[in-house]
Amino acid sequence: MRNGTVIICFITVCFILLWTTIIQFSNQRDSLKLPAISKSLSAIVRYNELNKNEETCVMFLKAHKCASTTVQNILMRFGYSRGLDFVLPLTGNYIGNPELFDPSLIPAELTSPSRRYDIFAHHTRYNYTAMKSVMKDNCKFVTILRDPATLYESLFNFYHIENLVNLTLKDIMKSQKYWPKLNVRMLKRIGLNQMSWDLGYNNNENIDKFIAKIDKQFHLVMISEYMEASLILLADLMNWPLEYVVSLKLNSRQMDKTKQLTEDEHDKLIELNLIDAELYDYFLEKFRQKLIKYGRKRLFKNVNKLLKLNKDLQSLCVDKLNNKGYAKTTSFDLRNSLNWTCIYSTKSELPFTDEIRNDQKERFKTMKKLEMLLIDIE
């Protein structure tokens, strides 16, 4: 009897040790795959357990030099973690522009079996009818704008437009006689009134009608100067917890490379980009009204929460900043290279896009092969 009791106790202890090991392994595995930033973030609904009330389809018009890469990274993390379908080019990160987007630009190997998609987050030129035709039902249309003067200064220096027009930005602001030279677009897509260009504006279009059209078609126009408030409105639109929109600032210039414009310089660049200025002013006021409607107390509470979440993300993930990003923009040396959120929050656009693209090719290939088998059987 005593021997039997000893054996039962031994088996019980072994079972407890085995169960403890399984739990520890499971936690280690989850830290590789699932977001884990702080105690606050650990309470989040896991990415692979879809909240029935959250929105999963978003068309994000990625405007140039509007902090749009930060927003794109949020959407790419959201979609990739769930195995959602992206609109993607065969290579690189452009699918349209200078041409307007058209479904024919989606390569065969990246065409979903349903020909409908959850996420559009890469550079293109806006074409509402074509985009709506490839996105899933009830998709949210979102974009982001920036003060046109600071945008153009950033654009001019980032793309080295001086090499195209043989003029410095200082030359341009000294005399309007140089301004006609700026009517050419670098790479046929980069130049004056960049936001309006990305949004599909053509020079024969009435600006008021153009703005009214964008206002009608987009569910949210964010403002990059108020990024935290913008992301709070995005989370509200998509019915996401704030933990879904945590971010690090990607693809930004180093502070010593950023020019602070004088009031006179700012005014001249606004005059150069009058179409963008009208667009920005309209949506800045609309943005302000959305924030008022959201509620001042609720807004400030959630801005503070998001700032804390972002700080937690940086503390957990970032060892130090570097300038190894595209065109020597800010990038990060990882502190925690095993954490899913750390890996993908700091991953730059092109390698992240390549990873999603390769994954999607394999998924679609498998599904299409299975679909053909079932058709043959029928």
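Figured I'd write up the structure that's included with this text. (Residues numbered from 1 in each chain as written. Predicted model: local features only at pLDDT ≥ 70, side-chain atom pairs only at ≥ 80, totals over all residues. Heavy atoms only, no water.)

**Looking at the state of the cysteines**
Here, the word disulfide means a covalent bond between the sulfur atoms of two cysteines. For clarity, the threshold we go by: In this description, the term disulfide denotes a pair of cysteine sulfurs within 2.5 Å. Segments assigned H or I by DSSP are reported as helices when at least four residues long, segments assigned E as strands when at least two residues long, and all are numbered from the N terminus. Exposure categories follow from relative accessible area, calculated using a 1.4 Å probe and restricted to protein chains: below 20% of the type maximum is buried, above 50% is exposed, and the middle band is partly exposed.
Summed over the entire model, instances satisfying the criterion amount to 2 disulfides. Linked covalently through their sulfurs, Cys 57 and Cys 139 form a disulfide whose S-S length is 2.3 Å. Between Cys 57 and Cys 139, the S-S torsion sits near -90°, and that sign places the bridge as left-handed. Of the two residues, Cys 57 is situated in the loop between helix 2 (39-42) and strand 1 (58-61) and Cys 139 in the loop between helix 4 (128-134) and strand 3 (140-145); the sequence distance between them amounts to 82 residues. One exposure class covers both Cys 57 and Cys 139, and it is buried. Here Cys 317 pairs with Cys 342 through a disulfide, and the sulfurs are 2.0 Å apart.

**Quick notes on the packing of aromatic side chains**
Applicable threshold: Under the pairing criterion, centres of Phe, Tyr and Trp rings, with the six-membered ring standing for Trp, must be within 6.5 Å; the plane angle then separates stacked pairs below 30 degrees from edge-to-face pairs above 60, leaving the rest tilted.
Taken as a whole and assessed by the stated rule, the structure comprises 17 aromatic pairs. When the centroid spacing of 5.0 Å and the interplanar angle of 85° are considered together, the rings of Tyr 282 and Phe 283 count as edge-to-face. Taking the relative accessible area as the measure of exposure, Tyr 282 reaches 36% and is therefore partly exposed. Judged by its relative accessible area of 3%, Phe 283 is buried.

**Looking at the side chain of His 123**
Our working definition: The contact definition used throughout considers only heavy atoms, calling two residues in contact when any of these lie within 4.5 Å.
Turning to its location among the elements, His 123 is positioned in the loop between strand 2 (119-120) and helix 4. According to the relative accessible area criterion, His 123 is buried, its value standing at 5%. Leave out the neighbours within four places in its chain, and His 123 touches Lys 62, Ala 63, His 64, Asn 93, Tyr 94, Ile 95 and Gly 96.

**Considering the pairing of strand 1**
Just so we agree on the cut-off: At least two DSSP bridges between two strands are needed for those strands to be called paired.
Of the two faces of strand 1, the one carrying Val 58 and Phe 60 and the one carrying Met 59 and Leu 61 are both buried. Note that strand 1 and strand 2 share 2 bridges and pair parallel. Residue pairing for strand 2: Val 58 is matched across the bridge by Ile 119. Pairing of strand 1 with strand 3 involves 4 bridges; the strand directions are parallel.

**Comments concerning the environment of Phe 300**
On the secondary structure map, Phe 300 appears in helix 13 (residues 296-317). Distance in space between the C-alpha atoms of Phe 300 and Ala 229 is 8.7 Å, their sequence separation being 71 residues.

**Here's the deal with the pattern of salt bridges**
Note that side chains of opposite charge can pair when their charged atoms are close. Heads up, the rule is: Counted as salt bridges are all cases of a side-chain nitrogen of Lys or Arg within 4 Å of a carboxyl oxygen of Asp or Glu.
Here the structure, examined in full by the defined rule, presents 15 salt bridges. Put simply, Asp 264 and Lys 268 hold a salt bridge, and the shortest N to O gap is 3.3 Å. Placement of the pair is Asp 264 and Lys 268 together in helix 11 (residues 263-272), with a separation of 4 residues, close to one helical turn. Three or more residues are tied together by salt bridges with common partners; here these are Asp 85, Asp 359 and Arg 363.

**A short note on the environment of Ser 196**
Within the secondary structure, Ser 196 is located in helix 8 (residues 194-198). Taking relative accessible area as the criterion, Ser 196 reaches 0% and is therefore assigned buried. Separated by 51 residues in the primary sequence, Ser 196 and Leu 145 place their C-alpha atoms 9.7 Å from one another. Among all residues touching Ser 196, those that are not within four sequence positions of it are Tyr 201, Phe 210, Ile 275, Asp 276 and Leu 279.

**With respect to the packing of helix 10 (residues 227-238) against helix 13**
Quick reminder of the rule: Axis geometry follows a simple rule: fit a line to the C-alpha atoms, using only the stretch in contact for helices, then measure angles between N-to-C directions, giving values from 0 to 180 degrees. Any angle between 65 and 115 degrees counts as roughly perpendicular, while under 35 counts as roughly parallel, over 145 as roughly antiparallel, and the rest as oblique. Residue type decides the class: Asp, Glu, Lys and Arg count as charged, Ala, Val, Leu, Ile, Met, Phe, Trp, Tyr, Cys and Pro as nonpolar, and the leftover types, Gly among them, as polar.
One can describe the packing of helix 10 onto helix 13 by two numbers: an axis separation of 9 Å at closest approach and a directional angle of 105°. Regarding the angle of helix 10 to helix 13, the classification is roughly perpendicular. Together, Glu 228, Ala 229, Leu 231, Ile 232 and Asp 236 of helix 10 and Arg 298, Leu 299, Asn 302, Val 303, Leu 306 and Leu 307 of helix 13 make up the contact between the two elements. Grouping the constituent residues of the contact of helix 10 with helix 13 by class yields 7 nonpolar, 1 polar and 3 charged.

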